[in-house]
Amino acid sequence: MNERTTHTLWRPTGPEELALVEASEWTAWPPRLPEQPIFYPVLNEDYAIRIARDWNVAASGAGYVTRFEIDADFAARYPVRRAGGQTILELWVPAGELEEFNRHIVGRIEVVHEFR
């Protein structure tokens, strides 16, 4: 059997981006806006919760934490960036590569937390 190794990633998001993910049938992230050159899923759930709860709720009234699997070999091409403390880690994916990134998502994107 030829099973792929995957990494679990989380993405804190607001209601507008989540609606676009839902429109993709939970299989892809929408293209970035011109002022968003990087797509950055995060490497741990706690960090995603803090962003969704503290930033997304303040900005748009609701915050969501999503979880998804990505092919580990593919994900290895992107640098892990520390955005603060030891556990504040993000995967930096250039906006122009997001379509290819989406093709390497394994399974569906799921909502695991909701904050209002």
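Rules and cut-offs
Note that residues are indexed from 1 along each chain, following the sequence as it is written. Local features in this predicted model are restricted to residues whose pLDDT is 70 or higher, and side-chain atom pairs enter the listing and the counts only when it is 80 or higher, whereas totals over whole chains, interfaces and linings include all residues. Side-chain metrics in this entry use all non-hydrogen atoms of the structure; hydrogen atoms and water are not considered. The helix and strand labels rest on DSSP assignments: H or I over at least four residues marks a helix, E over at least two residues marks a strand, and numbering proceeds from the N terminus. Computation of the radius of gyration draws on C-alpha atoms, with the globule rule given as 2.2 Å multiplied by the number of residues to the power 0.38. A simple rule labels every residue: compare its accessible area, found with a 1.4 Å probe on the protein chains alone, to the largest value its type can have, and call it buried under 20%, exposed over 50%, or partly exposed in between. Contact between two residues is taken to exist if any of their heavy atoms lie within 4.5 Å; hydrogens are not considered. For this count, His and the chain ends are skipped, Lys and Arg are scored as positive, and Asp and Glu as negative. By convention, the point assigned to a charge is CZ for Arg, NZ for Lys, CD for Glu and CG for Asp. Counting of polar contacts relies on pairs of N or O atoms within 3.5 Å, with two restrictions inside protein: one atom must be capable of donating a hydrogen and the other of accepting it, and residues adjacent in sequence are counted only when both atoms are side-chain atoms. Two strands pair if DSSP finds at least two bridges between them. Axis geometry follows a simple rule: fit a line to the C-alpha atoms, using only the stretch in contact for helices, then measure angles between N-to-C directions, giving values from 0 to 180 degrees. Summarising the geometry, the arc corresponds to the directions from the helix axis toward the C-beta atoms.

As named in an unreviewed UniProt entry, the protein chain is ADP-ribosylation/crystallin J1, taken from Nocardia flavorosea.

(A) Quick peek at the overall build of the protein chain. In terms of helices and strands, the protein chain carries four helices and seven strands. Tracing the protein chain from N to C terminus, the helices and strands come up as β-α-β-α-β-α-β-β-β-α-β. For 116 residues, the compact-globule estimate of 2.2 N^0.38 gives 13 Å, and the C-alpha radius of gyration of the protein chain, at 14 Å, lies within 12% of that figure. If one aligns the C-alpha atoms of the protein chain with their principal axes, the spans along those axes are about 45 × 35 × 30 Å. Taking all 116 residues of the protein chain together, 40% fall into the buried category. Within the protein chain, contacts between residues at least 6 apart in sequence are counted, and of these 78% link residues at least 24 apart. Seen as two clouds, the 12 positive and the 18 negative side-chain charges of the protein chain have centres 4 Å apart.

(B) Representation of the side chain of Arg11. Within the secondary structure, Arg11 is located in strand E1 (residues 6-13). When its relative accessible area of 7% is taken as the criterion, Arg11 is described as buried. In this structure the side chain of Arg11 is engaged in a polar contact, spanning 3.3 Å, whose partner is the backbone oxygen of Tyr40.

(C) Broad picture of the sheet that holds strand E3 (residues 63-71). On the basis of which strands lie adjacent, the open sheet formed by three strands has the order E1-E3-E7 and antiparallel pairing. At either margin of the open sheet sits one strand with a lone partner, and together these are E1 and strand E7 (105-115). The mean angle between the axes of side-by-side strands here comes to 20°, regardless of whether they run parallel or antiparallel. As defined by bridge partners, E3 adjoins E7 across seven bridges and the pair is classed as antiparallel. When the bridges of E7 are listed, Ile70 appears paired with Ile105. The sheet contacts of helix H1 (residues 15-23) involve E1, E3 and E7, and relative to E1 the element is tilted by about 135°.

(D) Region of the structure containing H1. Among all positions in H1, only Glu17, Leu18 and Val21 are buried. Buried residues along H1 cover an arc of 100° about the axis, so they all sit on one side. Across H1 from its buried face, at more than 90 degrees, point the exposed residues Glu16 and Ala23. Those residues of H1 that are buried are in contact with E1, E3 and E7. Looking at the residues trailing H1, positive phi occurs at Glu25, about 60°.

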